[in-house]
Amino acid sequence: MTKPSTSQRRKALQDALKDLREADSKNDVIDAIKDALAVHAPVGDPAAIEATGNRYKTMATESEHLHRDVTTIAETGLPDVWTGTTGAKAAEVIGATGRAIDRQSTAFIKAWLTLHNLADALRAAQAADGPARSGAQQVLSQLGGKEGWFDEWFEDDDDEAKRKKAQQAAIPHVEGMLTAAAKADDAARAAARDLNRLADEARAGKLRAKGVSSADKVVLAETSGPDGPTELNDLLTANDLKRSGEYLDRMNPTDLAAFDRMLADSSTPQERAYLMKALAAGHSLDEIRAFDGKIHGKDPEWLRTHLTPVYTKSDNRDSGGQENDGTNKIRYGVKFGTTMWQQTGPTCVASTTVTARAMADPLYALDLTGGPTGQDNDPAAFQRRLLDEQNRVHEEGHGNAKGMDEDGTGDVLAKEVSPHTGATYEYKSLSDENARRAILPEIEKAVADGKPVPVSIEGHVGDERKGHEVLIVGQEGDMLQVYNPWGYTTWISEADFANGHMDHVADNRTPVVDAVHLPK
Amino acid sequence: MTPLTRTPLRAVALIAVLAACLAASASNQPDRGRILGPDERSVTLTPGDRFSIAVEDNASIGDDWSIVDPRADTAVVAAVDQVTDYPPGYEKYIGGGGTAYYIFEAKGRGTTTITLHNCFRICDDPEIGKDVYNTYTVTVR
């Protein structure tokens, strides 16, 4: 039997405290205190966690030494024997290796800090829980045993005074236990989020294909778009690296040789990365060959605008404050040229699905942006193709003027996105702040892996329910990058997500997350 | 009272109860009067007449309608209510909307205007949204 999670312990103590405050009999007070004491104290060994963190700090120091050595080679140049295309490729590898080691050093430091913070928080939570728990136990002992069924029916003034006195004595102790549990829960979720993210940063190791050299793995893992922060614009997600490796391992020797030639003939690291992304999306060699014919020789900027709908221009994750209707002031347009990737009709579900698929499948993205030849740059033509595709997916999910329901959403995700990411989607209804907070680590892990998460948001104006669909596409620290199919992304905090501030993404009529479709 | 006279009385009583029920359910919805179509921008009425401005209203698409300045002359026309009709079962869906009715009543002779504003999506960001203003001329004779 699995032990309760930190979130479950927090919820159990919240419920016990509520019962204690509302108790109107001695037996109810006793039950509420017992329920609180039944919740285990915050678990974990802070010293052991700190020791693990210190090992990462040591590794960070060693990694820094390695980074200095690689940087020296990059700065002084390769020996003269490395000439021509071989020299260019070697320089590419050295550059990518330097970036990878830099990321590794940063990851080790972050891991040390994460574990250090977790140890501190856990220590503080355990220190706070102890006296509170003892206090609650003392009140329980003073109350004595429960009353029989006859006595329970009648509470005279004296009994009532004693019961209230015990209740008032117990409440601060149970509050103390809850505060400690909340501290441990917040720290555990933050650590899970950060460590999951760091694990996904060990990117080259995700590509496990036997026929790919270590040098190639590093270069592919470190290839990003032509601008924007590199760590927020990796062309191959952790999931892409894993899946492309699996597909490579399943190829017959003839196909593998043909694919290797395509990679070797690529003009840029970005072109090579998009071919790997096409493979990860599940396309056949013939489809990839045709795709290569459309993109071969294109510069990285052309590739990005045609094949990557969502890219992160800046590492500024500020909201900029809010407009009058609650939306964040800082928003980043999701565009092909001057035309936005945005919905037109009641197709928010279909539109987020289309964008999610385009993020995972570069062939699909190119069909929409560049048309059948891949070379069409007409914004009006892109808009028509996008609208047609949104309507097609809307009909596929049995959508109508009312929008799309939960079953239809599941169907379109299974048909349009799952084949290209390998993820299945599980519908999760989120009834309150606790549920929204508890699911954040799973959402953040999926997003860090490269699997966007569709989110249903809602609100009520009088008796009228308003509903909308958005898509979590990125994650950094405690911030989530969210795409609104009105045509932009913006950053919100975990607290915004949990506490009913999704107005920062759309407007104040749909502030609450009511469900997600979680990729597994 | 003979059985023959009791039956008609019972029937009359039943009809009266049914009529009262129907009247009660009808009175839950305000009278919308003459409904202006999507392209209509003027209406002529007599005092006491009602009319409604109907607009498609979908928060998920980005509609956000409101009556804005300059306000109508209340001696000529007064706002009565605002209701939105949604299709049955809409609560189970994401992305749909309904039709909003802004209901007015003609009060006295004269001419005035009513302005409806749709702050569509983020209306002061021309890349993402837009301001839509519909002005309606109301003449009461």
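Numbers given to residues run from 1 along each chain, matching the order in which its sequence is written. Each chain takes a letter, starting from A, and each ligand takes a number, starting from 1, following the order in which they are written. Reporting in this predicted model follows two pLDDT cut-offs: at least 70 for local features of residues, and 80 or more for side-chain atom pairs to be given and counted; totals over whole chains, interfaces and linings ignore these cut-offs and use all residues.

Looking at an unreviewed UniProt entry, one finds chain A named Peptidoglycan-binding protein and attributed to Streptomyces rubellomurinus.

**Remarks on the overall build of chain A**
Helix and strand counts for chain A stand at 18 helices and ten strands. Counting only C-alpha atoms, chain A reaches 95 × 60 × 45 Å along its principal axes. To assign burial, the other C-beta atoms lying within 10 Å of each residue's own C-beta are counted, with C-beta atoms placed from the backbone; 20 or more indicates buried, 12 or fewer indicates exposed, and intermediate counts indicate partly exposed. Relative to its 520 residues, chain A shows a buried fraction of 47%. Contacts here follow a simple rule: the backbone-placed C-beta atoms of the two residues must lie within 7 Å. In chain A, once contacts between residues fewer than 6 apart in sequence are set aside, the share between residues at least 24 apart is 74%. In this description a helix means any DSSP run of H or I spanning at least four residues, a strand means any run of E spanning at least two, and both kinds are numbered starting from the N terminus.

**Some thoughts on the sheet that holds strand S5 (residues 425–429) of chain A**
All names here are of chain A. If you walk across this open sheet you meet the seven strands as S1-S9-S8-S7-S6-S10-S5, and the pairing is antiparallel. Where the open sheet ends on each side, the last strands, each with one partner, are strand S1 (332–333) and S5. Two strands make a pair as long as DSSP finds a minimum of two bridges between them. Of the pairings in the sheet, the one linking S1 to strand S9 (residues 488–493) comprises two bridges and is antiparallel in character. Opposite Tyr-332, over in S9, you have Thr-489 as the bridge partner. In this analysis an axis means a line fitted to C-alpha atoms, helices contributing only their contacting stretch, and an angle means the value between N-to-C directions, from 0 to 180 degrees. Packing of helix H16 (residues 406–421) onto the sheet brings it into contact with S5, strand S6 (453–461) and strand S10 (512–519), and relative to S5 it is tilted by some 145 degrees.

**Let's talk about the packing of helix H10 (residues 269–280) of chain A against helix H11 (residues 285–295) of chain A**
Residues and elements named next belong to chain A. Axis separation between H10 and H11 bottoms out at 10 Å; the angle between their running directions is 155 degrees. Here H10 is positioned roughly antiparallel relative to H11, judged by the angle of their axes. Crossing of H10 over H11 shows right-handed handedness. Only Ile-288, Phe-291, Asp-292 and Ile-295 of H11 make contact with H10, whose side of the interface consists of Glu-271, Tyr-274, Leu-275, Ala-278 and Leu-279. Its residues assigned to classes, the contact of H10 with H11 shows seven nonpolar, no polar and two charged. Angles are sorted into four bins: roughly parallel if under 35 degrees, roughly antiparallel if over 145, roughly perpendicular if 65 to 115, and oblique for all others. The hand of a helix crossing depends on one turn: near helix anticlockwise from the far one by less than a right angle means left-handed, and clockwise means right-handed. Three classes are used, and their members are as follows: Ala, Val, Leu, Ile, Met, Phe, Trp, Tyr, Cys and Pro are nonpolar, Asp, Glu, Lys and Arg are charged, and the others, Gly among them, are polar.

**Looking at the nonpolar core**
Counting 92 residues, the largest nonpolar core has Ile-443, Val-453, Leu-471, Ile-472, Val-482 and Val-516 of chain A as its most contacted members. The element contributing the most residues to this core is helix H13 (residues 348–360) of chain A, with eight residues. Only buried residues count toward a nonpolar core: Ala, Val, Leu, Ile, Met, Phe, Trp, Tyr and Cys, linked into one set through C-beta atoms within 7 Å.

**Some details on the domain arrangement of chain A**
All names here are of chain A. If you check the domain split of chain A, you get domain 1 (1–199), domain 2 (204–307) and domain 3 (332–519). How far each domain reaches was decided by an automatic or database domain assignment. Each of domain 2 and domain 3 was reduced to a C-alpha centroid, and the two centroids are 25 Å apart. Residue-level contacts link 19 residues of domain 2 with 21 residues of domain 3. Elements with a contribution of two residues or more to the side of domain 2 that touches domain 3: helix H8 (238–250), H10, H11 and helix H12 (300–307). Each residue belonging to the side of domain 2 that touches domain 3 can be placed in one class, and the counts come to eight nonpolar, six polar and five charged.

**Describing the sheet that holds strand S3 (residues 50–57) of chain B**
Residues and elements named next belong to chain B. Pairing in this open sheet of four strands is mixed, and the strands run S1-S3-S7-S5 from one edge to the other. Strands at the two margins of the open sheet, each flanked by one partner only, are strand S1 (34–36) and strand S5 (77–85). Averaged over all pairs of adjacent strands, the angle between their axes in this sheet comes to 25 degrees, without regard to strand direction. Relative to S3, S1 runs parallel, the two sharing three bridges. Looking across to S3, one finds that Leu-36 is bridged to Ile-53.

**A closer look at H11 of chain A**
All names here are of chain A. Of all the residues in H11, the buried ones are Ile-288, Phe-291 and Ile-295. All buried residues of H11 project into a common sector of 60 degrees when viewed along the axis, lining one side. Projecting away from the buried face of H11 at angles above 90 degrees are the exposed residues Asp-286 and Gly-293. On the buried face of H11, the contacting elements are H10, H12 and helix H14 (362–369). Note on H11: the residue one or two positions beyond its end, Gly-297, has a positive phi of about 85 degrees. Working definition: the arc comes from the directions between the helix axis and the C-beta atoms, pointing outward to the latter.

**A word on the environment of Glu-105 of chain B**
Residues and elements named next belong to chain B. When you line up the elements, Glu-105 lands in strand S7 (residues 98–106). Judged by the 19 C-beta atoms lying within 10 Å of it, Glu-105 is partly exposed. Sequence separation of Glu-105 and Asn-58 is 47 residues, and the distance between their C-alpha atoms is 26 Å.

**Some words on the interface of chain A and chain B**
For an interface, size is often stated in terms of accessible area lost upon the parts coming together. Contact with chain A, which involves 26 residues of that partner, is made by 21 residues of chain B. Of all the secondary structure elements, the ones that give two or more residues to the side of chain A that touches chain B are H13, strand S4 (403–405) and strand S7 (464–476) of chain A. Per-element accounting of the side of chain A that touches chain B gives the leading share, six residues, to S7 of chain A. Taken together, the residues that form the side of chain A that touches chain B break down as seven nonpolar, ten polar and nine charged.

**Notes on the pairing of strand S9 (residues 130–140) of chain B**
All names here are of chain B. Where strand S2 (residues 42–45) lies against S9, four bridges are found, and the strand directions are parallel. Following the sheet pairing, Ser-42 is matched in S9 by Thr-137. Looking at chain direction, strand S8 (residues 110–120) and S9 are connected through eleven bridges and run antiparallel. The residue bridging His-117 from the neighbouring strand is Tyr-133, located in S9.

**Here's the deal with the environment of Thr-106 of chain A**
Looking at the element boundaries, Thr-106 of chain A is found in helix H4 (residues 84–143). Sequence-wise, Thr-106 of chain A and Glu-416 of chain A are 310 residues apart; in three dimensions their C-alpha atoms are separated by 36 Å.

**Observations regarding unusual backbone geometry**
Cis geometry is adopted by the peptide bond preceding Pro-70 of chain B, which originates at Asp-69 of chain B and carries an omega value of 0 degrees. Position of Pro-70 of chain B among the secondary structure elements: in the loop between strand S4 (65–68) and S5. The phi angle at His-398 of chain A is positive, at roughly 55 degrees, despite the residue not being glycine. Locating His-398 of chain A in the fold gives a position in the loop between helix H15 (379–396) and S4. Here Arg-121 of chain B, not a glycine, exhibits a phi torsion of approximately 55 degrees, which is positive. Given 23 C-beta atoms within a 10 Å radius, Arg-121 of chain B is considered buried.

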